[in-house]
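# Fold and geometry: a report
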Amino acid sequence: MSVNNIITLQDKYIEYYLGYRCNLRCTYCGVNKEDEECSNGIDKFEEVLKNNKYFNSEKLKKIILSGGEVTLFRKEVLEILEKYSHKYTFLLISNAVEIDTLLEYCKYPIEVTVSYDGHNNDRGFDSFENLKNVHKTGRLKGINVTISNSNYKDLYKTCKEIIELYPDLISDEIMNNDNQGLKIEIVRQVKEFYNFDYEIFREQLTKLYREISPKLHLFTKHTGVCGNFWEYENDLVCNHGTGDVDGKGCFQTVNNLETVIYEYEKYCRNCKNTICYAYGCPVTGEVIGGYKDHPYCKLNSVLQEVIEYERKRALLLHHIKTTNYIELILTENCNMACKHCFEKDFIRNKNVMTKETLDLIFDYFIKEDNDKVFSINLFGGEPIMPSTLEIRNYLVKKIKESKRKVEVSVVSNTFSITDEDLQWLKDIKDAAYYFSWQTSIDSIEEYNDKSRITINGNGTFNQVFENLKKISPIIGKEYININSVVTFENINGLAEWGKFLTDNIFNKYACACSFRTDQTRVQEMDLKERCIVSEEYNKVIEYYRKGLIAPEIVRKIFNIQEGFYRFKNQKTEFVPSCGICNGQFTINYNGGLLVCHSFTDDMIISNLKTKYISDDIYKIYDTFSSPTEQYNAKTKELCSECNYRFNCIRCKLTHYTQNGDVNIVSPFTCEYVKQISRIFEKYLWYDFYPLTPEEREEFKLDLLELQKLHDEDPANQEIIDTIYNMYKIRRERIW
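Please read these numbers as outputs of a predicted model, since none were measured by experiment.

For the rest of this paragraph, the subject is the nonpolar core. Core analysis: the largest hydrophobic core is formed by 108 residues, its most contacted members being Phe-365, Trp-437, Tyr-537 and Phe-558. Counting residues in each nonpolar core, the second largest holds 77 residues, with Leu-65, Val-77, Phe-90 and Tyr-152 among its members.

Next comes the structure, spelled out in structure tokens:
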């Protein structure tokens, strides 16, 4: 086999074997111990340089001098360094027993890696003190730690001791260079030599990864066959043994080469565990006595599991650290059974979040003291029930103890409000930096009570409305929002509901409202339903023209967003406003982390109590937070090219649960949004077109005039408020 025929090369470095001669007898050492008299000096080195084009390549920057123990080849090494250290960078790997000789080598511009396995080891020598002497010369560039039976329980302690003295050994600069930094490997030895407690091993690796560095050689991926090997016509050859490429190389000690290659091809070459040395070194099979069912494989599997878990954990902690908004599912239970609820098919239970779980939530999310306001939304199920009162009171206590500014919002059906709940409202409002409330009412009583019903099928409108009157003075009307879901059971009452809001609720018990379409509906609308939509929304316009519905309520009924005006007919990126897309977490009563309240329990990505992290965490974040293109399932129209995209929720999770694809928008959602947007565009566009900057300034001056009028005679406050509200309604075009 000619060296010139080798077609691929690991050309960053080449290892020159001085011969076997060693002053230690490490129990796990796989170097051939039969030929201790063999010595490859400068003559052989120069022959290699002359005859091997790879040694003579301009690309070659580093030569490793190895053995045996390099300090036992003093004459050979000094001759080589004297003549060639100006041309090549030499790396010497030593056990540092013969420290005086090693320090003599360090007078040359070399790099030194010292083997150190901790104070308890299978080497029979503790090189820790000699490490310090090498470090003083400035030549110490690496430390090799081999994990064996004697030292694996102290692995973290050993590495921590090293890094405290030599922190540069895990710097990015040094770790990015071959054969430098802190290098760790699992010893390769025959089966009977292994005696590892896997759980202790896992614990040590975890601490090493978290507290030392995830960039250690132990945790980094091998790119393939090791640096001393090339592939030639599907055979493996190397120059590790003698500096000659003769078809044996590293295999020269292999007793049954064909068997080793066969087992390597069968068990390791296609193995996904690329951290394992056997993946890139066929000779490992000979050293450990075969691959199949070997403890070495199990140890590397533990290593792989630790790496994978810690990477998932790092991803999760990144999102936890960067979020400022969480939803708490205090309970999955509910005192209502709304027909259009997206949670109606979820498995209900009456469990309630515990104090221990809430403590964990604060430890993970709200422990840091910083100036950013942290938002907590209480969700459910129904968060305001007698069963949740204790944990709600505990939440008040936690907020008061927190160093963060915490704002709290509640999404409630407002069906069950007791005197204890009214007291809790006073307490939470006092504790929170900001407090707001959302009440769910869909329509006037006739239509609301068709779908928003109790578990027994009774209507809920009157009780919810009476409770709204109770909570409004405590919370403040300006902090209450009325949320309505438009379905084909209540759409015929939409205009009447807008009038009722204007006459009986708006600026009396609440100052904001929102309207949503039925998220459970997937199939497209039929002709009859299209007619109903047109008739009812045109009726809303008729009521607005007669002054029966306030303009701000009309705009909310049509769900027209500012982006509709600013970017109409422009191909502009759509930015979702909720869920995983904006880095929030939903946490259920049991400490399970979800990225949105619409996620079901089988989509939990982690659990604060059990430290469980889902294998699908990468997939979930890639799938739901990536800016992928969405399109209509029926027409294939791209959402980015739709003029009405800003009026559409475009929730990826809704699309996923409805269609099995985050990018497919259901025909119903698309058709509904387009139809009502076109009606608005045709009849109300200029009524609500946003003010120009000049008009905004004029409006501000008008408000200042009102303030001046008040200052001159505060007794006129009532009439001033009336004028202001009328003026605000007329100028609702301000966003």
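After that view, the rundown keeps rolling.
The subject of this paragraph is the side chain of Lys-398. Inspection of the secondary structure puts Lys-398 in helix H12 (residues 389–401). On the basis of relative accessible area, Lys-398 is assigned to the buried category, the value being 13%. With residues near it in sequence (within four places) discarded, Lys-398 still touches Leu-358, Asp-359 and Phe-362.

Taken together, the side chains of Glu-705, Asp-711, Glu-712 and Asp-713 present a region of like negative charge at the surface. Looking at where Asp-713 falls in the secondary structure, it is placed in the loop between helix H24 (693–712) and helix H25 (717–730).

Spatially, the 9 strands line up as an open sheet ordered E14-E13-E12-E11-E10-E9-E15-E16-E17, and their pairing is mixed. One side of each edge strand has no neighbouring strand; the edge strands of this open sheet are strand E14 (512–517) and strand E17 (606–607). Of the pairings in the sheet, the one linking strand E16 (residues 592–594) to E17 comprises 2 bridges and is antiparallel in character. In the sheet register, Leu-593 faces E17, and the bridge partner there is Ser-606. Contacts from helix H13 (residues 419–431) reach strand E10 (374–379), strand E11 (406–412) and strand E12 (434–440), with the element oriented near 140° to E12.

Right, let's talk about the pairing of strand E13 (residues 480–486) for a bit. Within E13, 7 of the 7 residues are buried, which leaves the element mostly enclosed by the surrounding structure. Burial along E13 is two-sided: Ile-480, Ile-482, Ser-484 and Val-486 and Asn-481, Asn-483 and Val-485, pointing in opposite directions, are all buried. Pairing between E13 and E14: 6 bridges, direction parallel. Bridging across to E14, Val-486 finds its partner in Thr-517. Following the chain from E13 across helix H16 (residues 494–505) to the adjacent parallel E14, one finds a crossover that is right-handed.

Our focus in this paragraph is the pattern of salt bridges. Within the structure shown, the criterion is met by 28 salt bridges. With a closest N to O distance of 2.4 Å, Lys-674 and Glu-637 form a salt bridge. Of this pair, Lys-674 sits in helix H22 (residues 667–683) while Glu-637 sits in the loop between strand E18 (631–632) and helix H21 (652–659), and the two are 37 residues apart along the sequence. Among the residues examined, Lys-674 registers a relative accessible area of 13% and is labelled buried. Linked through salt bridges whose partners overlap, the residues forming this network are Glu-199, Arg-202 and Glu-305.

A few words now on the packing of helix H7 (residues 198–212) against helix H10 (residues 295–322). The axes of two packed helices give the description: the angle between them and the distance between them. Their axes nearest at 10 Å, the elements H7 and H10 cross at an angle of 40°. Taken together, the axes of H7 and H10 are oblique relative to one another. Handedness of the crossing formed by H7 with H10: right-handed. Counting all contacts with H7, which are made through Tyr-198, Phe-201, Arg-202, Leu-205, Thr-206, Tyr-209 and Arg-210, the residues of H10 involved are Pro-295, Lys-298, Leu-299, Val-302, Leu-303, Glu-305, Val-306, Ile-307, Tyr-309, Glu-310, Arg-311 and Arg-313. For the contact of H7 with H10, the class distribution of residues is 11 nonpolar, 1 polar and 7 charged.

Let us now look at the confidence of the model for the protein chain. Should pLDDT be low for a region, the predicted coordinates there are not to be read in detail. In the predicted model, the protein chain carries a mean pLDDT of 83, and the fraction of residues at 70 or more is 85%. The lowest-confidence element of the protein chain is strand E7 (residues 229–232), averaging 40 in pLDDT; the highest-confidence one is H13, averaging 98. Throughout residues 1–11 the model reports pLDDT below 50, and contacts reaching past four residues in sequence, or to other chains, amount to 22 contacts.

With that out of the way, let us pick up H13. The end-to-end C-alpha distance of H13, which contains 13 residues, comes to 19 Å, matching closely the 18 Å that a straight helix rising 1.5 Å per residue would cover. All of the buried residues along H13 are Asp-421, Leu-422, Trp-424, Leu-425, Ile-428 and Ala-431. Residues of H13 that are buried in the fold lie against E10, H12, E11, E12 and helix H15 (461–475).

Criteria and thresholds
- Residues numbered from 1 in each chain as written.
- Predicted model: local features only at pLDDT ≥ 70, side-chain atom pairs only at ≥ 80, totals over all residues.
- Heavy atoms only, no water.
- Core = buried A, V, L, I, M, F, W, Y, C linked by side-chain atoms within 4.5 Å.
- Buried < 20%, exposed > 50% of the residue type's maximum accessible area, 1.4 Å probe, protein only.
- Helix = DSSP H or I, 4+ residues; strand = E, 2+ residues; numbered from the N terminus.
- Contact = heavy atoms within 4.5 Å.
- Patch = residues over 30% accessible without salt bridge, like charges linked within 9 Å, V, L, I, M, F, W, Y side chains within 5 Å.
- Areas by Shrake-Rupley, 256 points an atom, 1.4 Å probe, with all protein chains shown as cover.
- Salt bridge = Lys/Arg side-chain N within 4 Å of Asp/Glu carboxyl O.
- Lys, Arg positive; Asp, Glu negative; His and termini not counted.
- Charge placed at Lys NZ, Arg CZ, Asp CG, Glu CD.
- Pairing = 2+ DSSP bridges.
- Axes fitted to C-alpha atoms, helices over the stretch in contact; angles between N-to-C directions.
- Right-handed = clockwise from strand over helix to strand, strands pointing away.
- Parallel < 35°, antiparallel > 145°, perpendicular 65-115°, else oblique.
- Left-handed = near helix turned anticlockwise from the far one by under 90°.
- Nonpolar A, V, L, I, M, F, W, Y, C, P; charged D, E, K, R; others polar.
- pLDDT = per-residue confidence, 0-100.
- Expected span 1.5 Å × (residues − 1).

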